Amino acid sequence: MEDLERKIKELYGTQSLSSEQLQRITSEKGKKTLLKSLIVRKYAAVFLFMVMVSSSLYCLYFFSSNSQDNILHGFASEIAYNHQKKTPPKIKTNSVAELNAQLPDLNFKISLPARITDKFQLKGGHYCSVDNRIAAQLRFENEAKEKITCYVFKKEEDFNFDTAIAEKNTKVTLWDAGDLIYAIAVDN
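The present account deals with the structure reproduced in this document. Note that the structure is predicted; figures quoted are calculated from it, not measured.

The buried count for strand β7 (residues 180-187) comes to six of eight residues, which makes it a mostly enclosed element. Pairing between strand β4 (residues 147-154) and β7: six bridges, direction antiparallel. From the neighbouring strand, Val152 faces β7, where its bridge partner is Tyr182. As defined by bridge partners, strand β6 (residues 170-177) adjoins β7 across eight bridges and the pair is classed as antiparallel. Bridged to Val172 within β7 is Ala185. As consecutive antiparallel partners, β6 and β7 are separated by two residues, and within that stretch Gly178 has a phi angle of approximately 65 degrees, a positive value.

Moving on, we come to the sheet that holds β6. Taken together, the seven strands give an open sheet; going across it, the order is β1-β2-β3-β4-β7-β6-β5, and neighbouring strands pair in antiparallel fashion. Each of the sheet's edge strands pairs with one partner strand only, and the pair in question is β1 (91-92) and β5 (162-167). Here β5 runs beside β6; their pairing, made up of six bridges, is antiparallel. Looking across to β6, one finds that Glu167 is bridged to Thr170.

This next bit is on unusual backbone geometry. Although it is not a glycine, Asp131 adopts a positive phi angle of roughly 55 degrees. Tracing the backbone through its elements, the reader meets Asp131 in the loop between β2 (121-130) and β3 (133-141). Looking at Asp131, the relative accessible area reads 41%, which means it is partly exposed. You will see that Asn132, though not glycine, has its phi angle at about 60 degrees, which is positive. Tracing the backbone through its elements, the reader meets Asn132 in the loop between β2 and β3. Its relative accessible area of 77% is what places Asn132 among the exposed residues.

Grouped together as the largest cluster of nonpolar side chains are 20 residues, with contacts concentrated most on Ile110, Ile116, Leu138 and Phe140. Listed by contribution, the elements that provide at least two residues to this core are β3, β4 and β7. Excluding residues within four positions of it along the chain, Ile110 makes contact with Val96, Leu99, Asn100, Leu103, Ala136 and Leu138. Among the nonpolar cores identified, the runner-up in size contains 18 residues, and Phe75, Ile79, Val130 and Ala183 belong to it.

With that settled, the discussion passes to the packing of aromatic side chains. Per the stated rule, a full pass over the model turns up five aromatic pairs. For the ring pair Phe120 and Phe140, a centre distance of 6.2 Å and an interplane angle of 55 degrees mean the geometry is tilted. In this pair, Phe120 sits in the loop between α5 (114-117) and β2 while Phe140 sits in strand β3, placing the two residues 20 residues apart along the sequence. What links up through ring pairs into an aromatic cluster is the set Phe75, Phe153, Phe159 and Phe161. For Arg115, the ring lying beneath its charged end belongs to Trp175, and the centroid distance is 3.7 Å.

The next thing to look at is the pairing of β3. As a general feature of sheets, a regular strand has side chains that alternate between the two faces. The buried fraction of β3 is high, at eight of nine residues. By the bridge criterion, nine bridges tie β2 to β3 in an arrangement that is antiparallel. In the strand pairing of β3, Val130 is matched with Arg133. Counting the residues between successive antiparallel strands, the hairpin from β2 to β3 contains two residues, one of them, Asp131, with a positive phi of roughly 55 degrees. For β3 and β4, the ladder comprises seven bridges, and the chain directions are antiparallel. Following the sheet pairing, Arg139 is matched in β4 by Thr149. With antiparallel pairing between neighbouring strands as the criterion, β3 and β4 make up a hairpin whose turn holds five residues, including Lys145 at a positive phi of roughly 65 degrees.

Rules used in this analysis
Residues numbered from 1 in each chain as written. Predicted model: local features only at pLDDT ≥ 70, side-chain atom pairs only at ≥ 80, totals over all residues. Heavy atoms only, no water. Buried < 20%, exposed > 50% of the residue type's maximum accessible area, 1.4 Å probe, protein only. Helix = DSSP H or I, 4+ residues; strand = E, 2+ residues; numbered from the N terminus. Pairing = 2+ DSSP bridges. Core = buried A, V, L, I, M, F, W, Y, C linked by side-chain atoms within 4.5 Å. Contact = heavy atoms within 4.5 Å. Phe/Tyr/Trp six-rings, centres within 6.5 Å; stacked < 30°, edge-to-face > 60°. Lys NZ or Arg CZ within 6 Å of the ring centre and 35° of its normal.

The structure is reproduced here in structure tokens:
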């Protein structure tokens, strides 16, 4: 905003009136014409400023929401791809504490919310990556012995995750809790 004000001052600071314009200003008719001209210019400048602000806000909203969708779909695509590989866990355990001990290179401690532990039985896990971030890929089974994959990784985004995306015959449910992102992948 200060940059805009400075540019306006510079532009109008270099302007000068011709002798004909000065003579018109000094006459009564010239004063009225000048006043009308200044009012029209003022409203035109305000209108132009409002259009620029509105356009900027629209672009900011459009590109930020589009970027959020791109990030979510990128996560879902990569998670669905890895889930479909059906890679068995390298560390076979039903203990989160043991996974944390055997995965020391994670930049977070695995903690599982009740919405996972109430429905699924932990079978093990290993390192993986999501969007070039180190992650834990955990394998679970439900009561019907279906394989469920859970991905846990560090949150770097400023928006909240709470979505389900169908991707490559896989349903990926993403949400965040604190500084972690959770993604559950199940076959569709």
